[in-house]
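# Coordinate analysis (summary)
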Amino acid sequence: MAHFPEKGDRAAWRVSVLTLFPEMFPGPLGVSLVGQALEAGLWSLAAIPLREFGVGRHRAVDDTPAGGGAGMVMRADVLAAAVDHVRQGEPDAPLIYLSPRGEPLTQALAAELAAGPGVMLLAGRFEGVDERVIAGRQMREVSIGDYVLSGGELAAMVLIDACVRLLPGVLGASDSLGEESFEDGLLEYPQYTKPREWEGRAIPEVLLSGDHKKVAEWRRSEAERITAERRPDLLKRR
Ligand code: ADE
C-alpha cells in the first residue's frame, strides 16, 4: 500500500497564496477531485491576507507608480514582509508571482512543481508589483496565457489545479493520466460512449472491434491528426 500523507502531515503538498482577497480561496479548489484531495490532506492551502502586512493607518499595500502614469503598484516592503513571514514556516517552496509577463505554465512545469514540496504564490492586483521585490525575493514569474486577468488569483487557482491532480493518490484511475493531452505532447483523441448511434452519427467501427492494438493505433493517428490541424506548434516542439 502506498503511503499518503495525513491531514497536517508536513509531507503533504503545501500551498500558500498571498492575496488581497483570501475569501476567494479555496473557491473552486474546494470541490470535486481537487477539493476531495484537500479534504483528505493530500495537499494543504493557506490564503495569506496581504492587507495585514500593509503600512499606515489604512494598511496600504500599493502606491502611485514612480515616473507617473495610471494605476497603482504593489509596494516592495509590504510584499517582502508577507513573503518573509510565510517563509519562516515554508523554507523550501518555490516563490511564484503570477503575471502575464511570466514563463508559460505548461504540463511540464506543473509536473515539476507537483514533484516539489509545494508552492508559495503571489497573486497581484493593480498595475503590477514593484520590480525590486521580484528580484529581491527571487520570484519566478509564471503566466497562464496571453491575456490579462484582473488579478492573479484565478491564475493561481489554475496553477494549483494543474499540479494537485498530478499528486500521488489524487486521480483514482491513474491510467487516465498517462494517456491524456500533453503527456506525450499530443492533443487528446476523440472519445465516444453509448448509445452506439446518436442523431445519425455512429461510433467509429474500430472502437467496437475489440482489437486493442487497432484501437491504440487509431487513437494515436487521430491524436496526431487533431494536433496537426489545431496546434502544429505542439508537433514542432516534440
Ligand atoms: N495576472 C493577470 N493576468 C495573468 C495571466 N495571464 N497569467 C498569470 N497571472 C496573471
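The sections below set out a description of the structure shown in this document.

Rules of the game
Residues numbered from 1 in each chain as written. Predicted model: local features only at pLDDT ≥ 70, side-chain atom pairs only at ≥ 80, totals over all residues. Heavy atoms only, no water. Helix = DSSP H or I, 4+ residues; strand = E, 2+ residues; numbered from the N terminus. Pairing = 2+ DSSP bridges.

## A short note on unusual backbone geometry
With an omega of -5°, the peptide bond running from Phe25 to Pro26 counts as cis. Tracing the backbone shows Pro26 in the loop between strand E1 (13–19) and helix H1 (32–39). The peptide bond linking Lys194 to Pro195 adopts the cis configuration, its omega dihedral lying at 5°. Here Pro195 shows up in the loop between helix H6 (175–178) and strand E9 (197–198). Positive phi is not limited to glycine here, since Gln138 has a value of about 45°.

## Focus on the sheet that holds strand E7 (residues 128–129)
Ordered in space as E3-E4-E7, the three strands form an open sheet in which the pairing is mixed. Strands at the two margins of the open sheet, each flanked by one partner only, are strand E3 (62–63) and E7. Of the pairings in the sheet, the one linking E3 to strand E4 (residues 73–74) comprises two bridges and is antiparallel in character. What sits directly across from Asp62, in E4, is Met74.

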